[in-house]
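Geometric and topological summary
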Amino acid sequence: MTLENYYANTKKQPLDQHLFAVGFLSYSFLQRFGLQENGDQLAKVAFVAGCLHDIGKIDPLFQNWIIEKTKKSIIEEVPEEGQHIDKKSGKGWFETHPRHNEISLLLYYLLSDGTYKKINNANKDSIKHALYWHHAKPIRQPESEFKYMEDIYKKLKKNLNNADFGPLFQASEQIIKQINKLTEDYFDADFMLDGFLTVANEDSIYGLATTLLPEYKHYANANEDIEDYLANVTENARNNLIRSVVVTADRLVSACSCENLKKHIEEKTLHQVLEQALIKEQGLNLAIEACLNGFEQRYPGSERNHQQSVAASKLAEEEVAVGVLNGAAGCGKTKIALEWAFKTGVKKIIWICPRVQVCQGLFNDLTSKAYLPDAKIEINTGEFKLIHQSGSTVETAEGMSFSGDIVVTTIDQITNAIITHRHVDSLVTYMDSHVVFDEYHEYISMPAFNLLFAELVMCKKLQGNNAKVLLVSATPNYCFVEELLGLNPQDIVGIESFNQSRYQIRFVPFDETKQDDNNPLFQLQPSNTFVISNTAINAQLSFIANQNNESAILLHSKFKKTDKQNLFKQVFDNFKENGSHQYDLLRSGPIVQASLNISCDKMVTEFTHAENWLQRLGRLDRFGKNTTVNEYVTAIPENLATMEKRLSSCEHFLKSLNCLQSAKAWHQFLQSEINDDPVTISQIYQLYKDFYKHGSYRNAIEEDLKKALKKSVAVINKKLLDPVSIPPKNTTKDGAVKIKKHSLRGDNRFVQMAKWNIGNGNTEFPNEYAYSETDIEEANEASLTYSVGAICGYGDSAKNSLIFMVNKHHNIKEGSTKAHKDIILLNNARSPETPIYLSYTPEDLKKVESQPHSYAVYYAIGRNQPIGAFARNRLELEEE
């Protein structure tokens, strides 16, 4: 074939023009992002990767396939997954023939002579990563899977009838020469692809059998030091960037017609194609300016406004790459973040939170009259997709996600850019935006997310003073920030609390085996008290024990979705500044401890580590209105208070989160530093800083962090599958969200359960389920999920609800068929239409003449509100 006959796609874009254009745009993206440290070098790496990404399309079988395609019709739009030889008689073609990205990698490996000095070996590895991963992997049968470079080589050679690779090498040389010719009109000689794909390196053939294909993510199981994880984070971040810009550039170029592409190259207007993917100014800066002026007008000459502005200015200084706002609870971190964005020329903010509830609280704040009521504020989570503008909130229209001036979202949505293929181009939007990571300290104990978060920060960090990223927390965890994120301690900007209230800190030991008046978590409390437990079950039990004697509201994570949303709103409306105070108490799991603008006059917390302890404290007299001393009680198991070796359930829980040693260290430190005298918020936060400077305590924190990171590597290697090329199947035919087969958040399934009335005067076990079994719309809205581990009794067959369902369900529910394998039910339960039944109504159990399962989980309804998913045996244990 002649050079003119090599096509990139069915639009008949000449392959050399397509490759050069993708290389140019890839380079231009990284230039536009303003990468600092080795920035130009990394941009050149992206240029090379872009210029070579589809070189494998010189495969004569691919070119023949393209020609046959264009004889029938011209495909106007190239799919996001790119164009691949899609079929041949018999098995899928991809089973027996390498895809073009795999051939590109093979050619690069064989023909790179190793003498090219413009790019070092680490950057060459990044090129290999981009060549291979600019398309997702096809799902092949195990016997056809490509694991080594030799697998690609042998399949290709066989399908070319064992012909010599000489014609391929000659074709690649032709293409490279033409790319260089186009390059001359744009760049200097440093950009020429000399040394690539010109002369076959015969010695390379002998290494094919032992050369593994590039890993998608590289995290070593053998890492011992935090700096080893930092090195892996940096490598993965660089790969994320290069892969993202190459894929985005490929999609932009492929969207052009053949004629327009040629015109753009000849007239040097390729930058116009680039602009399609970059953010346009839509007036956010003016809206923030009006917000800040509003605060000045309402509080003229305010010292609070002044100190907030000073902090924002420090964070906006040119030499600050990644800023860290260390602000005490109630200091106005949201306003400071907005002013930082204003001072650094914001066009768009992506505001990332660890949990949906934090997103909700922030969305409420930003859309209020005091902040940005007229800006386009979007909330984008798995549960909420809404846009607020000009006083009204509407559901986000199809295709309009991430279109807001400010997008409030969860870490899950952003990590899609670096763990999937479909969303890979969203990393470009991320890099082009201002980014705020709110309450980022919560990622530290979240398996996998701590490392993925670090990758996202590193991507921004590579921009240097162009990064425009801010980490916000009252509890920065200096060990995590300095050692894993590699940030400069001088870039941590603090602001003193404006709250002058006084706090009495007390540690009260209790016997975990007793849940009575001696246990602070179960005691009756005065009005306007928060009782925060580490787990939902403890919050539920304390609520049940006191529901007849107090006006309390219960909030945790084990409610069906509709109840959780309603209760969240009630909690906020009741305990916000100047709230309704319809309820006297809040009994809660850790769900309320961060970024929820609510306040109480007394707080009881279960023993926990420093970050949780201080976050919870931030809800106690949050608005600084009390003239009397506020009481902050920490309920600590007796064995911890007396340093016994017996492991309490509280310790066991903290150990599972890899924060037990940190929690013990914090308790010991406070015991040595605090006496019976009341302290201020400022004094407490100074103690937190001192805690991280103390050698022995710092060692305990580092050891917990290492354990958390090692656990994260195990989760990533087990659950974070390589991006694969499959049709999207994340929704059911009725539009209900399906649970992913492999979720980093946890292995959950949709469940159904019978109702249980606890202390509300109604029939104890009514013939009702938590939500409708027949109304699919209600099932979608009210859905409940439970972990697979809990469903299966954590390995204890006596506690396994799934076994009970397998044996009974087909006889209970008409039309159901017996499942002969547990895995079938678990797979089906990824849809809310076919949940796992954790309990049955008396009427249904009567059909099979059965008693309830001993460990059945019910949806409990209390005297005044739902109690949520609750195991029957838990209450029976307490009554014994």
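It should be emphasised that the depicted structure is a prediction, and the values quoted were computed from it without experimental measurement. (Residues numbered from 1 in each chain as written. Predicted model: local features only at pLDDT ≥ 70, side-chain atom pairs only at ≥ 80, totals over all residues. Heavy atoms only, no water.)

Looking at the overall build of the protein chain
Secondary structure summary: the protein chain contains 34 helices and 24 strands in total. For the protein chain, the C-alpha radius of gyration of 30 Å lies close to 29 Å, the compact-globule estimate for 880 residues. Across its three principal axes, the protein chain shows a C-alpha extent of roughly 90 × 75 × 55 Å. Looking at the protein chain residue by residue over its 880 residues, the buried ones come to 58%. (Helix = DSSP H or I, 4+ residues; strand = E, 2+ residues; numbered from the N terminus. Rg over C-alpha atoms; globule rule 2.2 N^0.38 Å. Buried < 20%, exposed > 50% of the residue type's maximum accessible area, 1.4 Å probe, protein only.)

A word on the nonpolar core
Note that soluble globular proteins tend to have their nonpolar side chains buried in a common cluster. In this structure, Tyr430, Phe437, Leu471 and Ile836 are the most contacted members of the largest nonpolar core, which totals 229 residues. Ranked by residue count, the leading element in this core is helix 10 (residues 226-254), at twelve residues. Among all residues touching Tyr430, those that are not within four sequence positions of it are Ile350, Ile352, Ile414, Val435, Phe437, Leu456, Val457, Cys459 and Lys460. With 38 residues, the next largest nonpolar core counts Leu292, Ala337, Leu338 and Val408 among its residues. (Core = buried A, V, L, I, M, F, W, Y, C linked by side-chain atoms within 4.5 Å. Contact = heavy atoms within 4.5 Å.)

Side note on the layout of surface pockets
Empty space among the atoms becomes visible once a probe the size of a water molecule is rolled across them. As a volume, the second largest pocket reaches approximately 1100 Å³. In this structure, the second largest pocket is lined by 43 residues; those nearest its centre are Arg304, Tyr371, Glu577, Asn597 and Phe623. Among the secondary structure elements, those contributing two or more residues to the lining of the second largest pocket are helix 13 (284-298), helix 14 (303-315), helix 15 (333-343) and helix 16 (356-366). In terms of residue count, the dominant contributor to the lining of the second largest pocket is helix 15 (four residues). Grouping the constituent residues of the lining of the second largest pocket by class yields 15 nonpolar, 15 polar and 13 charged. (1 Å grid on protein atoms, 1.4 Å probe; cavity = no way out; pocket = protein on both sides within 12 Å on 5 of 7 lines; lining within 4 Å. Points joined across faces, edges and corners; volume = space filled by probe spheres on them. Nonpolar A, V, L, I, M, F, W, Y, C, P; charged D, E, K, R; others polar.)

What to know about the side chain of Lys564
When you line up the elements, Lys564 lands in helix 22 (residues 561-575). In this view, Lys564 contacts Gln357, Glu383, Leu555, His556, Ser557, Phe559 and Ile591; residues no more than four positions away in its chain are not counted.

Focus on helix 26 (residues 660-673)
Helix length check: helix 26, at 14 residues, gives a terminal C-alpha distance of 20 Å against a target of 20 Å (1.5 Å per residue), a fit within 8%. The set of residues buried in helix 26 consists of Leu660, Ser662, Ala663, Ala665, Trp666, His667, Phe669 and Leu670. In this fold, the buried residues of helix 26 make contact with strand 11 (502-510), helix 23 (610-617), strand 16 (630-637), helix 25 (649-656), helix 27 (681-693) and helix 28 (695-719). (Expected span 1.5 Å × (residues − 1).)

Some remarks on the packing of helix 5 (residues 100-111) against helix 6 (residues 121-133)
For the pair helix 5 and helix 6, interaxial distance at closest approach is 7 Å and the crossing angle is 155°. Considering the angle they form, helix 5 stands roughly antiparallel to helix 6. Of the residues in helix 6, those touching helix 5 at Asn101, Glu102, Ser104, Leu105, Tyr108 and Tyr109 are Lys124, Ile127, Lys128, Leu131 and Tyr132. When the residues that make up the contact of helix 5 with helix 6 are grouped by side-chain class, the tally is six nonpolar, two polar and three charged. (Axes fitted to C-alpha atoms, helices over the stretch in contact; angles between N-to-C directions. Parallel < 35°, antiparallel > 145°, perpendicular 65-115°, else oblique.)

Some remarks on the packing of aromatic side chains
Enumeration according to the criterion identifies 42 aromatic pairs in this entry. Centre to centre, the rings of Phe24 and Tyr186 are 5.1 Å apart; their planes meet at 65°, and the pair counts as edge-to-face. Of this pair, Phe24 sits in helix 1 (residues 15-32) while Tyr186 is found in the loop between helix 8 (166-184) and helix 9 (202-205), placing the two residues 162 residues apart along the sequence. Joined through ring pairs, the aromatic side chains of Tyr478, Trp613, Tyr632, Trp666, Phe669, Tyr688, Phe691, Tyr692 and Tyr697 make up one cluster. When the ring centre of Phe191 is taken as reference, the NZ or CZ atom of Lys44 above it lies at 5.1 Å. Over the ring of Phe295 we find Arg298, and its NZ or CZ is 4.7 Å from the ring centre. (Phe/Tyr/Trp six-rings, centres within 6.5 Å; stacked < 30°, edge-to-face > 60°. Lys NZ or Arg CZ within 6 Å of the ring centre and 35° of its normal.)

Let's talk about the sheet that holds strand 15 (residues 602-606)
Taking strand neighbours across the sheet as the criterion, the seven strands line up as 13-14-12-15-16-11-17 in an open arrangement whose pairing is mixed. The strands lining the two open edges of the sheet, one partner per strand, are strand 13 (552-555) and strand 17 (679-680). Relative to strand 15, strand 12 (residues 529-532) runs parallel, the two being bridged by four bridges. Across the sheet, the residue bridging to Val531 is Val604, located in strand 15. Across the sheet, helix 23 is in contact with strand 11, strand 12, strand 15 and strand 16; its angle to strand 15 comes to roughly 160°. (Pairing = 2+ DSSP bridges.)

So, the environment of Phe572
The topology assignment puts Phe572 in helix 22. Along the sequence, Phe572 and Asn597 sit 25 residues apart, while their C-alpha atoms lie 7.5 Å from each other. Leave out the neighbours within four places in its chain, and Phe572 touches Asn364, Leu596, Asn597 and Ile598.

Considerations on unusual backbone geometry
For Lys468, which is not glycine, the phi dihedral falls at a positive 55°. Here Lys468 is to be found in the loop between helix 19 (449-461) and strand 9 (469-473). Here the phi dihedral of Asn658 falls at roughly 60°; this positive angle occurs in a residue that is not glycine. Note on placement: Asn658 falls in the loop between helix 25 and helix 26.

Here we look at the sheet that holds strand 21 (residues 784-787)
Pairing within the open sheet is mixed, and its three strands lie in the order 21-19-22. Unpaired on one side and paired on the other, strand 21 and strand 22 (836-837) mark the two borders of the sheet. Strand direction decides the pairing type here: strand 19 (residues 748-752) and strand 22, joined by two bridges, are parallel. By the bridge assignment, Gln752 is partnered in strand 22 with Tyr837.

Some words on the state of the cysteines
One pass over the structure, following the stated rule, counts zero disulfides. The thiol sulfur of Cys359 is not disulfide-bonded, and the nearest other cysteine sulfur, from Cys353, lies at 3.9 Å. Cys359 gets classed as buried once you look at its relative accessible area, which sits at 0%. (Disulfide = S-S within 2.5 Å.)

A look at the confidence of the model for the protein chain
Here the protein chain averages 89 in pLDDT, while 94% of its residues score no lower than 70. Considering each helix and strand of the protein chain separately, the mean pLDDT is smallest for helix 34 (residues 872-879), with a value of 64, and largest for strand 12, with 98. (pLDDT = per-residue confidence, 0-100.)

Some details on the environment of Glu275
With respect to the helices, strands and loops of the structure, Glu275 is situated in helix 12 (residues 270-275). Note on Glu275: relative accessible area 27%, which makes it partly exposed. Placed 227 residues apart in sequence, Glu275 and Arg502 show a C-alpha to C-alpha distance of 54 Å. Those residues in contact with Glu275 that sit more than four places away from it in its chain are Arg32 and Lys280.

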